[in-house]
Amino acid sequence: MIVVGLMSGTSADGIDAALLRLEGVPPRLDWELIAHINLPHSARLRTEIFACFRPESSSGERICRLNFALGEAFAEAVVAVTARAGLKLTEVDLIGSHGQTLWHIPPGREDLASTLQVGEAALIAERTGIPVVNNFRARDMAAGGQGAPLVPFVDWLLLSHPTQTRAAQNIGGIGNVTYLPPQAQQSDSGPDAVFAFDTGPGNMLIDDAARRATDGTLTCDQDGLLAARGQIDPLLLETLLRNPYFSLKPPKTTGREQFGSQLGETIWQDATARGLPAPDILATLTAFTAESIARAYRNFLPVFPDQVILSGGGAYNPTLKAMLSERLLPARLLASDEIGIPADAKEALAFAVLAYQTWHQRPANLPAATGASRPVILGSITF
């Protein structure tokens, strides 16, 4: 099958689209990444997404309109990546769309665990003429899981090493890790030996501080240049690391509701009241992401990894990478690009694979990663 995967992450900076050729049945999956693109959100659409993130500015009407506006944007991304691949829409068999998460309530946080991703699948299907798989997270949550992370199934397929213990670390808005023992240790249990969880903040708080530091001129700390000019403030860093999320045992997930702009505003106000300059705040938040990842490995992974495979937007932040590399010694830090998977395409690629599994009525969640009671077939199909 030719499948397009679509992802708009917690940073909400744009849509990643990946077009793959897929054949076979896992674990013997033959795959080829034919094309991938990033389609930045327009300023107007991004403003609406962030308005709908915040309870004080969101409304039923705004979310309703955003659902369709994002459906149009996702459809445009499918058209664009198909053209980049030199194919016609009629040659694409399937689309897997993660959608845009607006809110996520994992089990144990509230009375009823729930999740909401928007980006209307019916509109994507209508604009492209291609069946769409979406709403991946809900079925795992219905089976008692966290609804995330879902990428570990694909990490197991594509990143397991014959002899090395690996950690697949994605740094999008939120950081998440997949623990991958050597293939020799997976022979009996297969993906059951794999587990994953959200490590905590990724780029989200860094992006928030970059916007505040530049009065909205920047939406992220491009190349980590702002943080590189600052000094880490030990008091602020230690305060941030006391967040109760870090003491929770996996499986666990988090998101914008815990490490989003509301926390970013509190951090910024408290830090500036203490006289910290903007570069020091950025440096400390960057260290916060790196340190939270390193502590998660040491506290929760069965074996410290030999290699860490880095993907997501954080893979392109040299300051963050340097801090992470230092804290993860003696593990070797590699960008996923070095093993054939572009760092900014990995999650879109993953949802193409997950959609392929759904189309063939095969489960693709890993209960060891999500906490679900059993493997389930993910998502809904719109023809």
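For the structure, see preceding data.
Computed from a predicted structure; not experimentally measured.

The rules behind these values
- Each chain carries its own residue numbering, running from 1 in the written order of its sequence.
- Local features in this predicted model are restricted to residues whose pLDDT is 70 or higher, and side-chain atom pairs enter the listing and the counts only when it is 80 or higher, whereas totals over whole chains, interfaces and linings include all residues.
- Side-chain measures were taken over the full set of non-hydrogen atoms in the model, leaving aside hydrogen atoms and water.
- An axis is simply a line fitted to the C-alpha atoms; with a helix, the fit covers only the stretch in contact. Between two such axes, the angle follows the N-to-C directions and lies from 0 to 180 degrees.
- Under the DSSP-based scheme used, a helix requires at least four consecutive residues in state H or I and a strand at least two consecutive residues in state E, with every element numbered from the N terminus.
- Here the word oblique covers every angle except those under 35 degrees (roughly parallel), over 145 (roughly antiparallel) and from 65 to 115 (roughly perpendicular).
- It is the rotation of the near helix from the far one that decides the hand of a crossing: anticlockwise by less than a right angle makes it left-handed, clockwise makes it right-handed.
- Whether two residues are in contact is decided by their heavy atoms, any of which lying within 4.5 Å being enough.
- For this classification, Asp, Glu, Lys and Arg are treated as charged, while Ala, Val, Leu, Ile, Met, Phe, Trp, Tyr, Cys and Pro are nonpolar and the rest, including Gly, are polar.
- Pairing between strands is defined by DSSP: at least two bridges between the two strands are required.
- Stacked, tilted and edge-to-face are the three classes assigned to paired rings of Phe, Tyr and Trp, where Trp is represented by its six-membered ring and a pair needs centres within 6.5 Å; plane angles under 30 degrees give stacked, over 60 edge-to-face, the rest tilted.
- Relative accessible area decides the class of each residue, using a 1.4 Å probe on protein chains only: under 20% of the type maximum gives buried, over 50% gives exposed, and in between gives partly exposed.
- Here a helix's expected span is defined as the number of its residues, less one, multiplied by 1.5 Å.
- By nonpolar core we mean a set of buried residues, namely Ala, Val, Leu, Ile, Met, Phe, Trp, Tyr and Cys, connected to one another through side-chain atoms within 4.5 Å.
- One speaks of a salt bridge when a side-chain nitrogen belonging to Lys or Arg is within 4 Å of a carboxyl oxygen belonging to Asp or Glu.

Colleague: Hey, could you go over the packing of helix 11 (residues 261-273) against helix 12 (residues 278-300) for me, with residue numbers and the actual values?
Modeller: The N-to-C vectors of helix 11 and helix 12 enclose an angle of 130°; their axes lie 10 Å apart at closest approach. By the angle class used here, helix 11 and helix 12 are oblique. Viewed along their axes, helix 11 and helix 12 form a crossing whose handedness is right-handed. From helix 11, I267, W268, A271 and T272 reach across to helix 12, where they touch A278, I281 and L285. Residue classes in the contact of helix 11 with helix 12 are distributed as 6 nonpolar, 1 polar and no charged.

Colleague: Summarise the sheet that holds strand 9 (residues 195-201); cite the residues concerned and give the values.
Modeller: Read from one edge to the other, the open sheet built from 5 strands follows the order 9-8-7-10-11, with strand pairing classed as mixed. Of all strands in the sheet, those with a lone pairing partner are strand 9 and strand 11 (332-335), marking the two edges. Averaged over all pairs of adjacent strands, the angle between strand axes in this sheet comes to 25°, irrespective of strand direction. Bridge analysis of strand 7 (residues 166-171) against strand 8 (residues 174-180) gives 6 bridges, and the strand direction is antiparallel. The residue bridging Q169 from the neighbouring strand is V177, located in strand 8.

Colleague: Describe the packing of aromatic side chains, naming the residues involved and giving the relevant values.
Modeller: Taken as a whole and assessed by the stated rule, the structure comprises 13 aromatic pairs. Pairing F136 with F351 gives two aromatic rings, centres 5.1 Å apart and planes at 70°, and the pair type is edge-to-face. With F136 in helix 4 (residues 136-142) and F351 in helix 14 (residues 346-359), this pair connects stretches of sequence that are 215 residues apart. Residue F351 is classed as buried on the basis of its relative accessible area of 1%.

Colleague: Residues and numbers for unusual backbone geometry, please.
Modeller: Cis geometry marks the peptide bond from A148 to P149; its omega dihedral reads -10°. Along the chain, P149 turns up in the loop between helix 4 and helix 5 (152-159). Despite not being glycine, A12 has its phi angle at roughly 55°, a positive value. Looking at the secondary structure, you find A12 in the loop between strand 1 (2-8) and strand 2 (14-25).

Colleague: Mind laying out helix 12, listing which residues take part and the relevant values?
Modeller: The first and last C-alpha atoms of helix 12 sit 33 Å apart over 23 residues, in line with the 33 Å expected at 1.5 Å per residue. Within helix 12, 18 of the 23 residues are buried, leaving the element largely enclosed by the surrounding structure.

Colleague: I'd love a proper account of the pairing of strand 7, names of residues and values included.
Modeller: Counting buried residues in strand 7 gives 6 out of 6 residues, a clear majority hidden from the surface. The alternating pattern of strand 7 places R166, A168 and N170 and A167, Q169 and I171 on opposite faces, both of which are buried. Remark: 2 residues form the turn of the hairpin made by strand 7 and strand 8, two consecutive strands paired antiparallel. One ladder, built from 5 bridges, connects strand 7 with strand 10 (residues 307-311); its direction is parallel. When the bridges of strand 10 are listed, A168 appears paired with I309.

Colleague: Describe the nonpolar core, with residues and values.
Modeller: Grouped together as the largest cluster of nonpolar side chains are 48 residues, with contacts concentrated most on L285, F288, Y297 and L324. Counting 40 residues, the second largest nonpolar core, distinct from the first, contains L158, A348, L366 and A372.

Colleague: Just give me the short version of the environment of F288, but keep the residues and values in it.
Modeller: Within the element layout of this structure, F288 appears in helix 12. Taking relative accessible area as the criterion, F288 reaches 1% and is therefore assigned buried. Residues within four places of F288 in sequence aside, it is in contact with P201, L205, L237, L240, L241, F246 and F259.

Colleague: Now, about the pattern of salt bridges: what can you tell me, with residues and values included?
Modeller: Within the structure shown, the criterion is met by 15 salt bridges. The salt bridge partner of E61 is R65, with a shortest N-O separation of 3.2 Å. Of this pair, E61 and R65 both sit in helix 2 (residues 60-84), 4 residues apart, roughly one helical turn. Classification of E61 by relative accessible area gives exposed; the value is 51%. Between R295 and E238 there is a salt bridge, with its nearest N and O atoms 3.7 Å apart. Of this pair, R295 sits in helix 12 while E238 is found in helix 9 (residues 234-240), placing the two residues 57 residues apart along the sequence. Its relative accessible area of 36% is what places E238 among the partly exposed residues.

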